[in-house]
Amino acid sequence: MLTRREILRRSSVLSLAPMLPAFLTRTAIAAKPERDARILVVVQLDGGNDGINTVVPYRDEAYPRLRRELRIAGDRVCKLNDEVGLHPSMRSAADMVQDGRLAIVQGVGYPNPDRSHFRSMAIWQTASPEDPGPASNGWLGRALDAIPGRRDPSAVFIGRRELPRALRSRRAITASFADPSDLALALPADADAQHPDPNASDLSVFVQQTVAGGYATARELAEANGRRAKSKSAVRYPDGELGRQMQLVAQSILSGAAARVYYVIQPGYDTHQAQGPAHSQLLGELSRSLRAFHDDLAAAGRADEVVTLAFSEFGRRPEENGSLGTDHGTAGPVFLAGKAVRPGPIGTTPKLTDLVNGDLRWNIDFRRVYATILDRWLQIPSESILGQRFEPVPILKV
Amino acid sequence: MSSSPWSRYRPSRSNLWNLARAWTLRRRAGFAATWSELDRDLKDGPDTAIDRVLAGQCRTAGVPADFAATADLLGNAAAATSDADRLQAWWLYRMLFTPDPLTERLTLLWHDHFATSQLKVEDVESMHDQNITIRRHARGPFSELLRAMLRDPALLVWLDAPSNRKGKPNENLARELMELFTLGVGNYSERDVKEAARALTGRTVLQGRYAFRAEHHDDGEKSVLGKTARLDGDRLADVLLDQPATSRRLAWRLCREFLGEGVADDRAIAALAESLRADHLHIGRAVETILRSELFFSPRNLHARVSSPVEFVVGAVRALEQFTPPPSTLLLAEWTGKIGQALFYPPNVGGWPGGRSWLSGRTVIARANFAAALAEGRLAAGSHVETLDLRGLAARSGRSSDPLPFFHELLTGQPLDENAFRQGVKQSETAGGTADERFNRAVALVLARPEAQLV
């Protein structure tokens, strides 16, 4: 476990040497990015983000009644239009809307919402509102599996947790790390492990491939060791874990990594009590990280290639609870950032005067967002990944 | 052959009592055996070997005479500080040196089941106390464990029980109680959650101790799963414990812990659930049923599970007999974290997802690096390096003529296929360093192999 001291120590080491990762590149250096190698970065807002206090319906007559303590006054929000405004700590996000780099899809959910963190997260990560079952792979894993001639590791997960379900795949390999030093191998890589036994059981094949994938990543790191970083970027990321992770993502991309998907997790959204300050801090860090990240890419001339998706497993209940917090709810907003998006709020704002059993109605099935990203952005036909056709949502200019 | 999925294992020509089976028993029901313990188990047969596991008498080496006193001393010292690293080190000390590894395994299982994280609790003493409580009830009736957990300060803080009051419900504990601790998802309604939250009102923590505040308790009538009464927390627990879904979930949980991927089918789980239900959800006896079963020793249950980081780390130290001096438990704790399982910090209330998700690029590299650090003697307390005498261990085990195959059997439970491990063999013969260093590095390579990640 990382102690706070340890985290501080590591992050200071990082800020001194933020050069790390040429290491995920497949070949010596992919000097020019491939034309169609568009990248998706996913930020998982873990715990159930309170969408109502994120995209605040400040004009809704029911809002002050449902949020007696947690209400954010209309003159404090970053107004997006006559109905909604972003949380006051999301100034950076509001600026991104202004300069055309942030879309907000409102009221995203799915039929028969599940209020369990695990079930709902599994639903979002597998894109199956019916019981996904323990064996099914993630929506991104399935998408990466479907890329012909895919270059692995085709996804990168940054964090100390287990691999998110969304990235589970049959073949595609995700590299994961929390820190550049995590990928250096202290042993001579076991050359024998490069030749999986085709007659082995499914589990053995999985283990052999994972071991081989880990060693391949380590080897690339070792090879990249000599290649020093180019100029240090001038963009300032916010302090904290998410900013640090988004910076690692930018560094990986700028170093020419082959990965098409990056995944990071911002925990802490399960705000059952004393929500106000914690939620404000989270949203501020999220907004500033998103902006720093996209500024960083823009400074390197790579802004066209990346779209960031931020989602949470559910929203929270419109009526606050008795401990200055909110309990698990249903629909919530999804964010999409990048030069390719159609900026501003999209879809109808869920009405606080029109609740079902005290919860918001959802308007847009999250799989419509996924389908749009798959078809229009990653250019992977969505129908086979999601099992059916979904009407696209007008969130992308491409 | 009897039709019960849990009929007892009898060695037969197709299911011989052999190294792979003795090895599997000691890996799954503990944290690996030394070679001489495996030898003894093989000689005495499965019944005696299992008896010893259940009785806490399976270890012959590396059990200090003053284990209990030392463990208490370390635990209390860790609890008195606010240093969670020391608490992790204390638990690893217990796993390494207890005479009764099965109880530690079950304590770890319930830590995963009632997954409480120091990240939010921020109180080393109550995390320590929860661990002691879990251990006390780990092998008894589940009802006692559950009732103790519903009074456990760390768990109550973790799930916001103190802010769940009459008229101001906080559903966090009620929901996880039903979804994770007892029934499992899909076996209750949203209304049941709301009503259960009311039943749990009044349970709180005052100055680190459990307290019941009658003035915050809603003592009105509640209706949970069709049962209507003025339920309080204990009576709510009774209602949940009585549900078939709870015994099913426990059976599933135990099978996931002790059996390989997909080994227990629905029928086997249902049968175990039924016997649990008929036996007041007695955990220890259900575990015994699993460990003595034909299913446990069936070929498809061998090498069929990814070892958890804690199993991997403690198992390697035990199998390689690193007892005097032992590696620094603080360093071992750091390694289990790097490999993906920081004790007292489960990723969330659902516990560690386990299974295949233990392995990723990063954790594979971390496992290999742990193997290197252990074999190169870099885990000694203090910062000096102690070269391990692994060739000596092979010699003492009567295998000085084929030491590398010996370590492969010890660490993977399977014979070495030298064709599949040519580079490793070459390492032990030709790479740099002294003869001992070369050999130890080859053993580290064995420990990093795909085979050694499975139990």
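Residues numbered from 1 in each chain as written. Chains lettered and ligands numbered in written order. Predicted model: local features only at pLDDT ≥ 70, side-chain atom pairs only at ≥ 80, totals over all residues. Heavy atoms only, no water.

What follows concerns the side chain of Thr412(B). Residues and elements named next belong to chain B. Within the secondary structure, Thr 412 is located in helix α21 (residues 403–412). Separated by 2.7 Å, the side chain of Thr 412 and the backbone oxygen of His 408 make a polar contact. Polar side-chain contacts of Thr 412 include one of 3.1 Å to the backbone nitrogen of Gln 414. Aside from chain neighbours lying at most four places away, what touches Thr 412 is Trp 23, His 303, Val 446, Glu 451 and Ala 452. (Helix = DSSP H or I, 4+ residues; strand = E, 2+ residues; numbered from the N terminus. Polar contact = N/O pair within 3.5 Å; in protein donor to acceptor, adjacent residues only side chain to side chain. Contact = heavy atoms within 4.5 Å.)

The next point concerns the pairing of strand β7 (residues 174–177) of chain A. Residue and element names in this part refer to chain A. Alternating positions in β7 separate into two faces, Thr 174 and Ser 176 on one and Ala 175 and Phe 177 on the other, with burial throughout. Across four bridges, the pairing between strand β6 (residues 155–158) and β7 is parallel. Within β7, the position partnered with Ala 155 by the bridge is Thr 174. (Buried < 20%, exposed > 50% of the residue type's maximum accessible area, 1.4 Å probe, protein only. Pairing = 2+ DSSP bridges.)

Turning to the side chain of His408(B), a few remarks are in order. Residues and elements named next belong to chain B. Here His 408 is to be found in helix α21. Judged by relative accessible area, which is 2%, His 408 ranks as buried. Within the structure, His 408 has its side chain in polar contact with the backbone oxygen of Gln 414 (distance 2.9 Å). Excluding residues within four positions of it along the chain, His 408 makes contact with Gly 413, Gln 414, Pro 415, Leu 416, Val 446 and Arg 449.

This part is about the sheet that holds strand β4 (residues 85–86) of chain A. Residues and elements named next belong to chain A. Strand order in the open sheet formed by three strands is β2-β4-β3, with antiparallel pairing between adjacent strands. The outermost strands of the open sheet, each flanked by one partner alone, are β2 (55–56) and β3 (78–79). Alignment of β2 against β4, held across two bridges, turns out to be antiparallel. Residue pairing for β4: Val 55 is matched across the bridge by Leu 86.

All names here are of chain B. Taken as a whole and judged by the stated rule, the model has 23 aromatic pairs over all chains. Between Trp 91 and Phe 344, the ring centres sit 5.4 Å apart and the planes meet at 45°, which makes this aromatic pair tilted. Of this pair, Trp 91 sits in helix α5 (residues 84–97) while Phe 344 sits in the loop between α18 (329–338) and α19 (361–375), and the two are 253 residues apart along the sequence. Grouping residues by exposure puts Trp 91 and Phe 344 together as buried. When the ring centre of Phe 312 is taken as reference, the NZ or CZ atom of Arg 367 above it lies at 4.9 Å. (Phe/Tyr/Trp six-rings, centres within 6.5 Å; stacked < 30°, edge-to-face > 60°. Lys NZ or Arg CZ within 6 Å of the ring centre and 35° of its normal.)

On to helix α11 (residues 172–181) of chain B. Of all 10 residues that make up α11(B), 10 are buried, and the element is covered over most of its length. Taken together, the buried positions of α11(B) are Asn172(B), Leu173(B), Ala174(B), Arg175(B), Glu176(B), Leu177(B), Met178(B), Glu179(B), Leu180(B) and Phe181(B).

Before going further, it helps to spend a moment on unusual backbone geometry. Thr324(B) connects to Pro325(B) through a cis peptide bond whose omega is -5°. Within the fold, Pro325(B) resides in the loop between α17 (309–319) and α18. Positive phi, close to 55°, is recorded for Leu324(A), a residue that is not glycine. Residue position: Leu324(A) is located in the loop between β9 (306–312) and β10 (332–337). Of note in the backbone geometry, Leu281(B) takes a positive phi value of approximately 55° without being a glycine. Relative to the helices and strands, Leu281(B) resides in the loop between α15 (266–278) and α16 (283–291). Taking relative accessible area as the criterion, Leu281(B) reaches 6% and is therefore assigned buried.

Residues and elements named next belong to chain B. Under the domain assignment, chain B is made up of domain 1 (19–55), domain 2 (139–301) and domain 3 (309–453). A C-alpha centroid distance of 37 Å is found between domain 2 and domain 3. Summing both sides of the interface, domain 2 and domain 3 together bury roughly 480 Å²; the carbon and sulfur share of this comes to 53%. Area buried by domain 2 at its contact with domain 3 is led by Trp 158, Leu 180 and Glu 261, which between them contribute 65% of it. Between the two partners, domain 2 and domain 3, sit one salt bridge. Glu 261 is the partner of Arg 356 in a salt bridge, and the nearest nitrogen-oxygen pair spans 2.7 Å. Counting across the domain 2 and domain 3 interface gives one residue pair in polar contact (both at pLDDT 80 or more). For the side of domain 2 that touches domain 3, the element with the highest residue contribution is α11, accounting for three residues. Of the residues belonging to the side of domain 2 that touches domain 3, the class tally is four nonpolar, no polar and three charged. (Domains from an automatic or database assignment. Buried area = accessible area lost by both parts, 1.4 Å probe. Salt bridge = Lys/Arg side-chain N within 4 Å of Asp/Glu carboxyl O. Nonpolar A, V, L, I, M, F, W, Y, C, P; charged D, E, K, R; others polar.)

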